[in-house]
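Understanding the architecture of this molecule
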Amino acid sequence: MSDAHYGPDDVQKIVDRSPFLSWMGIKVQELTDDEITLSATWRSEWVANVDRGQTQGGILGALIDFAANFAMFKTTGRPVLTVDLRIDYHRMAKQGDLVAKGRVIKLGKTVSTAEAQLFDGEGKLVASGRGTFLTAN
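Residues numbered from 1 in each chain as written. Predicted model: local features only at pLDDT ≥ 70, side-chain atom pairs only at ≥ 80, totals over all residues. Heavy atoms only, no water.

This brings us to the sheet that holds strand β1 (residues 26-31). Taken together, six strands build an open sheet; the order of strands is β1-β2-β6-β7-β8-β5 and the sheet is antiparallel. The open sheet has two edge strands with one neighbour each: β1 and β5 (81-89). Averaged over all pairs of adjacent strands, the angle between their axes in this sheet comes to 20°, without regard to strand direction. Sheet analysis places β5 next to strand β8 (residues 125-134), joined by eight bridges and oriented antiparallel. Paired with Leu85 across the two strands is Gly131, which belongs to β8. Across the sheet, helix α3 (residues 57-70) touches β1, β2 (35-40), β5, β6 (98-106), β7 (111-119) and β8, and the angle it forms with β5 is around 130°. (Pairing = 2+ DSSP bridges. Helix = DSSP H or I, 4+ residues; strand = E, 2+ residues; numbered from the N terminus. Axes fitted to C-alpha atoms, helices over the stretch in contact; angles between N-to-C directions. Contact = heavy atoms within 4.5 Å.)

To continue, consider the pattern of salt bridges. Inspection of the entire model under this criterion finds five salt bridges. Between Arg43 and Glu45 there is a salt bridge, and its shortest N-O distance comes to 3.2 Å. With a relative accessible area of 26%, Arg43 lands in the partly exposed category. Residue Glu115 is joined to Arg103 by a salt bridge in which the shortest nitrogen-to-oxygen separation is 2.6 Å. Remark: Arg103 occurs in strand β6 and Glu115 occurs in strand β7; sequence separation between them is twelve residues. Under the relative-accessibility criterion, Glu115 is labelled partly exposed at 22%. Where salt bridges share partners, they join Arg103, Glu115 and Arg130 into one cluster. (Salt bridge = Lys/Arg side-chain N within 4 Å of Asp/Glu carboxyl O. Buried < 20%, exposed > 50% of the residue type's maximum accessible area, 1.4 Å probe, protein only.)

Dropping the structure here:
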């Protein structure tokens, strides 16, 4: 584990270098010792059901995974591998930016647990999830 002092800009640099994460429009808003808040800019390519304007569940899952993973960044200093991820979809996400909040549940030397919640533009919970992550060096 790292004892360096990382901030939101360090995570944003990783996002900006990643074709997928930058395509998702992720902007890191806040990073604390065990939490992260980020936004994702809506894209028309996110739509799974054109008639309903429904955002594809994989997009929501990717944001949950990212937020839970990077909630540990201040300690790990790097992205970590996802071992297991469970996602619950609470309501349909439609056109609009999303906000994800990730939080560390238990930080371990080998495996850690974190969770994330995803909100629409009205602040309604659209999805949540919890995962385990490989935090060993």
